[in-house]
Amino acid sequence: MKNSKNKAIVIFSGGQDSTTCLYWAKNNFDYVEALFFDYGQIHKIEKKSAIKIAKLANIKLNILDIPTFTQIGGSSLTDKNLKNPIGEVKKNITPISFVPGRNLIFLTFGAAYAYTKKIYNLVTGVCETDCSNYPDCRNATIKSLEKSIFLGMDFKIKIHTPLIKLTKAQAVILAKKLGALDALAYSHTCYNGTFPPCGKCPACILRANGFEKAGLPDPLLERTKKLKSRSK
Ligand code: ZN
């Protein structure tokens, strides 16, 4: 395979951070593919967002099914009986929306997929600043997993984390620079899976704070307003 060093796979959820990463990858590699995991998340809107954005970005989207997380349950994103948290992220507490093992599995499957295609770059939107307090979004976790993948697959893949040290406001400014704002109008972030977003869950609050501090309107909310005024 030619130029395989210049290819990348993006772990893509259709959310704000992975959309920014998709455009980051487009700007940094000659060829990019996205992987969306249908892991039994309650909100089907995520898949719709991912399909729409991949189309806008002109990126091949692969959808992989992992029903196991629903069988395991224990997270408000996979179990309808558990309520999503409300309000700002609480420091030092892993919230009920945490899906244990999710990023470890996504990146491991992503690496397995990349292995078969001889692609040596994997991109993920994890962030340890302004984050949801998920332990699998930390730099130390990613570095350790990169090493485990190397040992377990004899495959030197690099896991890129362009947002790891950025605040949400810095991530918004980066999205603007990369030309990702139009795509962000279709990204989905809300834990409650509603459109328009609920505005009350920790994910909505983090997103709103980021756009406010960056001094830019959220394209998703702008699109919502436009749709509302059209239906009047
Ligand atoms: Zn919300």
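The structure under discussion appears in the preceding block.
Small disclaimer: the values here were computed from a predicted structure and weren't measured.

### Structural notes on helix H4 (residues 102-117)
Here's step 1: If you check H4, its first and last C-alpha atoms are 23 Å apart, about what 16 residues at 1.5 Å a residue would give, namely 22 Å.
Here's step 2: All buried positions along H4 are accounted for by Arg102, Asn103, Phe106, Leu107, Gly110, Ala111, Tyr113 and Ala114. Buried residues in H4, looked at end-on, bunch into an arc of 165°, giving them a common side.

### Thoughts on the pattern of salt bridges
Here's step 1: Throughout the structure, instances matching the rule amount to five salt bridges.
Here's step 2: Note that Arg207 and Asp218 form a salt bridge whose closest N and O atoms lie 2.6 Å from each other. Taken together, the residues span a long stretch of sequence, with Arg207 in helix H8 (residues 202-214) and Asp218 in the loop between H8 and helix H9 (219-231) at a distance of 11 residues.
Here's step 3: On the accessibility criterion, Arg207 (4% relative accessible area) is buried.
Here's step 4: Asp218 sits in the buried class, given a relative accessible area of 9%.
Here's step 5: Ionic pairing is found between Glu222 and Lys225, a salt bridge with its closest N-O pair at 3.2 Å. Of the two residues, Glu222 and Lys225 are both situated in helix H9; the distance of three residues between them amounts to about one turn of the helix.
Here's step 6: Judged by relative accessible area, which is 54%, Lys225 ranks as exposed.

### Remarks on the coordination of the zinc ion
Here's step 1: Looking at the zinc ion, the protein donor atoms are Cys190 (SG), Cys198 (SG), Cys201 (SG) and Cys204 (SG), and they sit 2.3 to 2.4 Å from it.
Here's step 2: Sequence spacing among the residues donating to the zinc ion works out to C-x7-C-x2-C-x2-C.

### Examining unusual backbone geometry
Here's step 1: Geometrically, the link from Phe195 to Pro196 is a cis peptide bond, its omega value of 0° lying close to zero.
Here's step 2: With respect to the helices and strands, Pro196 occurs in the loop between helix H7 (181-184) and H8.
Here's step 3: Phi is positive for Asn58, which is not a glycine, with a value near 60°.
Here's step 4: Within the chain, Lys118 stands out as a residue other than glycine whose phi angle is a positive 55°.
Here's step 5: Tracing the chain through its elements places Lys118 in the loop between H4 and strand S4 (121-123).

### Points about empty space enclosed by the protein
Here's step 1: Counted under the stated rule, the structure contains one cavity of 30 Å³ or more.
Here's step 2: Taken as a whole, the largest cavity holds about 770 Å³ of empty space.
Here's step 3: Those elements that provide at least two residues to the lining of the largest cavity are helix H1 (16-28), strand S2 (31-38), H4 and H8.
Here's step 4: The element best represented in the lining of the largest cavity is H4, accounting for four residues.
Here's step 5: Residue composition of the lining of the largest cavity, grouped by class: 18 nonpolar, 12 polar and six charged.

Conventions adopted
- Residues numbered from 1 in each chain as written.
- Predicted model: local features only at pLDDT ≥ 70, side-chain atom pairs only at ≥ 80, totals over all residues.
- Heavy atoms only, no water.
- Helix = DSSP H or I, 4+ residues; strand = E, 2+ residues; numbered from the N terminus.
- Expected span 1.5 Å × (residues − 1).
- Buried < 20%, exposed > 50% of the residue type's maximum accessible area, 1.4 Å probe, protein only.
- Arc of directions from axis to C-beta.
- Salt bridge = Lys/Arg side-chain N within 4 Å of Asp/Glu carboxyl O.
- Donors = N, O, S within 2.8 Å, 3.2 Å for Na, K, Ca; no water.
- 1 Å grid on protein atoms, 1.4 Å probe; cavity = no way out; pocket = protein on both sides within 12 Å on 5 of 7 lines; lining within 4 Å.
- Points joined across faces, edges and corners; volume = space filled by probe spheres on them.
- Nonpolar A, V, L, I, M, F, W, Y, C, P; charged D, E, K, R; others polar.

Note that every value here comes from positions in space, so none of it alone points to a role or purpose.
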